[in-house]
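Residues per chain, in single letters:
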Amino acid sequence: MNLLDKLDAAATARKALLPDGVGAFGIPIEEIYSSTEARIGERRILLLGTNNYLGLSFAPECLQAAHEAIDKEGTGTTGSRMANGSYLGHRALEQEFADFYQCHASIVFTTGYQANLGTISGLVGPGDVVLIDSDSHASIYDGCTLSGADIIRFRHNDATDLEKRLRRLGERAQNTLIITEGIYSMLGDQAPLADIVDIKKQYNSILLLDEAHSLGVLGDTGQGLVEKTGLINEVDFITGTFSKSLCSIGGFCVSNHPQLDQLRYISHPYIFTASPSPSTIASTRAALKLLRNGKHLRRQLWNNAEQLYTKLSKTGYQLGPEPGPIIAATVNSPQGALALWNGLLEHNIYVNLILPPAAPENKSLVRCSINAAHTPEQISYVGQVFAKLYNSILE
Amino acid sequence: MSDNSYNEILQLLCNRLENISNTDIAITPDLSLIDQLSIDSIKLLNLIMEIEDTFDISVPINALADVQTVSDLASLIHRIKTESS
């Protein structure tokens, strides 16, 4: 099989799951009306698959900041910070993230994916060990692979399993980086952080927590799971993304370890890429302020999440273990999931379709992400459509 | 399992693969895990966790880069088990 044959084989496998003409992945969106609605084809569609948790994508403060930055500093930085320098905005945003987490320092990356790639591959290398949750995001797997460290998986959200695997490592446990996530993107469940912290301390390991889906969502000021659990001082490194609650693109790592700054000189995903554009940085800074003061947004988000979780659960859907801004219905077959996804779209609701092997346990998922700007009426409508489709498709 | 010899490891693997493979093919050492037994990446990674627990060893998943066949996997486990004892 030559290189191109391999791609043909991948295309065949994809077509077996998704027939031609079904645009579940990369659906064409013609026009965006707001953080909750868009035009797909000729229809006005309710968006429930965008990770736009706080609904800030059209916040006037963010739009204005981005407009001003683009007028003042141009459309792009045209290179890396190491070569082209660090703009005032880059440095200010790093200071603001450090202040937000009351940490020694932070580093801003160009994407959330690169934040994990750059942090992990900077922290560990050949001879070290990374212990990762089996449901980790691809950016964590890829960062570990890039590092050259030995990669060991522990069972999802199972602190006892983590402890067992650390114990097996013997003295190597103290050169081990444990990685977990605040909220997991597939089922929306939260890590048992207190138990993981206890184990990390027992074995003198280092802990990295990815707050990609929990930033803005958990905690009084939206720091994430570290704030909800009061464990911010027990986590060594926190990474996250700007592309969800902050509605731009980019990522960050914060830490109290002074060695964090060395990542700027050894981490390829930081060094060998263009730095975030001025408008991106400006809108992120504005969104971070709104996020920190967004208690009312979090309240609305959780009200919406609990309303939909309760409705779907009562209908009979098999959901993740706890309510949250990610609500995923597990469907036993890809065909069933596709029918449900299509049915929702026919009722003008866009959600995410996740097929094997991307979903845990080789199941298929129809996943909703909730937005603070969804109205109670919109959430109620989504619940009604899910109930109708359960009866007609899944029963 | 007494001494976890290569053959014992191979036998255990064949038994386990019979349960998780979607094919009716009889499991033999020379079969490719992915192409012939349709073991996708997630199934393989989950199998590795089971193997780690069965033999009380750590199997880094990056070591799987060189594993193509059932016997490759048995050799890897045997090597790690021997080095750890």
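Rules and cut-offs
- Residues numbered from 1 in each chain as written.
- Chains lettered and ligands numbered in written order.
- Predicted model: local features only at pLDDT ≥ 70, side-chain atom pairs only at ≥ 80, totals over all residues.
- Heavy atoms only, no water.
- Contact = heavy atoms within 4.5 Å.
- Buried area = accessible area lost by both parts, 1.4 Å probe.
- Salt bridge = Lys/Arg side-chain N within 4 Å of Asp/Glu carboxyl O.
- Polar contact = N/O pair within 3.5 Å; in protein donor to acceptor, adjacent residues only side chain to side chain.
- Helix = DSSP H or I, 4+ residues; strand = E, 2+ residues; numbered from the N terminus.
- Nonpolar A, V, L, I, M, F, W, Y, C, P; charged D, E, K, R; others polar.
- Buried < 20%, exposed > 50% of the residue type's maximum accessible area, 1.4 Å probe, protein only.
- Pairing = 2+ DSSP bridges.
- Right-handed = clockwise from strand over helix to strand, strands pointing away.
- Axes fitted to C-alpha atoms, helices over the stretch in contact; angles between N-to-C directions.
- Expected span 1.5 Å × (residues − 1).
- pLDDT = per-residue confidence, 0-100.

Colleague: Tell me what's going on with the interface of chain A and chain B, and back it up with residues and numbers.
Modeller: Contacts between chain A and chain B engage 17 residues on the former and 16 residues on the latter. Between chain A and chain B lies a buried interface of about 1,400 Å² when both sides are counted; carbon and sulfur atoms form 50% of it. Of all residues in chain A, I151, R153 and R168 of chain A give up the largest surface area on contact with chain B, accounting jointly for 44% of the area buried on that side. Connecting chain A to chain B are six salt bridges. In this structure, the salt-bridge partner of K164 of chain A is D53 of chain B, at a minimum N-O distance of 3.3 Å. The interface formed by chain A and chain B includes 12 residue pairs in polar contact (both at pLDDT 80 or more). If you list the elements that add at least two residues to the side of chain A that touches chain B, you get β6 (150-154) and α7 (159-168) of chain A. By residue number, the principal contributor to the side of chain A that touches chain B is β6 of chain A, which donates five residues. Residue classes in the side of chain A that touches chain B are distributed as seven nonpolar, three polar and seven charged.

Colleague: Give me the pairing of β6 of chain A: which residues, what numbers.
Modeller: All names here are of chain A. Taking burial as the measure, the five residues of β6 include four buried ones, the bulk of the element. Judged from the five bridges that link them, strand β5 (residues 129-133) and β6 form a sheet pairing that is parallel. Looking at the pairing, V129 lines up with D150 of β6. Viewed along the sheet, the connection from β5 through helix α6 (residues 138-147) into β6 turns out right-handed.

Colleague: Pulling in residues and values, what's your account of the side chain of S267 of chain A?
Modeller: Residue and element names in this part refer to chain A. In this structure, S267 sits in the loop between α10 (263-266) and α11 (268-271). Residue classification places S267 among the buried residues on the basis of a relative accessible area of 1%. Looking at S267, its side chain comes within polar contact range of the main-chain oxygen of G118, at 3.0 Å. Here S267 is in contact with F109, G118 and S121, once residues within four sequence places are set aside.

Colleague: Hey, could you go over the sheet that holds strand β2 (residues 37-40) of chain A for me, with residue numbers and the actual values?
Modeller: Residues and elements named next belong to chain A. What the four strands build is an open sheet, ordered β1-β2-β3-β12; its pairing is mixed. Strands at the two margins of the open sheet, each flanked by one partner only, are β1 (31-32) and β12 (349-350). Across two bridges, the pairing between strand β3 (residues 43-47) and β12 is parallel. Note that in β12 the partner of L46 across the bridge is I349.

Colleague: Kindly report on the pattern of salt bridges, identifying the contributing residues and their values.
Modeller: When the charged atoms of two side chains with opposite charge come close together, those side chains can pair. On inspection of all chains with the given rule, the structure shows 23 salt bridges over all chains. A salt bridge links R39 of chain A to E31 of chain A, with the shortest nitrogen-to-oxygen separation between them at 3.2 Å. Overall, the relative accessible area of 21% leaves R39 of chain A in the partly exposed class. Residue classification places E31 of chain A among the partly exposed positions, given a relative accessible area of 36%. A single salt-bridge network, built from bridges that share partners, covers R155, D161, K164, R165 and R168 of chain A together with E52, D53 and D56 of chain B.

Colleague: Describe the sheet that holds strand β14 (residues 364-369) of chain A, with residues and values.
Modeller: Residue and element names in this part refer to chain A. Strands sit in the order β11-β14-β13 across an open sheet of three strands; the sheet is antiparallel. Pairing within the sheet leaves two strands with one partner each, and these edge strands are β11 (326-331) and β13 (352-354). Neighbour to neighbour, the strand axes of the sheet diverge by 25° on average, direction disregarded. Both β13 and β14 contribute to a ladder of three bridges, which runs antiparallel. Its bridge partner being in β14, L353 is matched across the sheet by V366.

Colleague: Tell me about helix α15 (residues 376-394) of chain A, and please be specific about residues and values.
Modeller: Residue and element names in this part refer to chain A. Taking 1.5 Å as the rise per residue, α15 with 19 residues should run 27 Å; its terminal C-alpha atoms sit 25 Å apart, in good agreement. What α15 keeps buried is the set Q378, I379, V382, G383, V385, F386, A387, L389 and Y390. Residues of α15 that are buried make contact with β2, β3, α13 (295-315), α14 (334-346), β12 and β14.

Colleague: Please give an account of the environment of G143 of chain A that cites residues and values.
Modeller: Residues and elements named next belong to chain A. When you line up the elements, G143 lands in helix α6. Taking the relative accessible area as the measure of exposure, G143 reaches 0% and is therefore buried. Remark: the alpha-carbon pair of G143 and G230, spanning 87 residues in sequence, is separated by 27 Å. Once you skip the residues sitting within four places of it in the chain, G143 turns out to touch N116, L117, I120 and S121.

Colleague: Could you give me a rundown of α6 of chain A, with the residues and numbers involved?
Modeller: Those residues of α6 of chain A that fall on the buried side of the exposure criterion are S139, I140, Y141, G143, C144 and S147 of chain A. Elements in contact with the buried residues of α6 of chain A: α5 (112-123), β5, β6, β7 (176-181) and β8 (206-210) of chain A together with α2 (41-55) of chain B. G148 of chain A sits one or two positions beyond α6 of chain A and adopts a positive phi of about 80°.

Colleague: Describe the confidence of the model for chain B, listing the residues and the values that go with them.
Modeller: Averaged over all residues, the pLDDT of chain B is 90; the fraction at 70 or higher stands at 95%. The lowest-confidence element of chain B is helix α1 (residues 6-20) of chain B, averaging 92 in pLDDT; the highest-confidence one is helix α3 (residues 70-84) of chain B, averaging 94.

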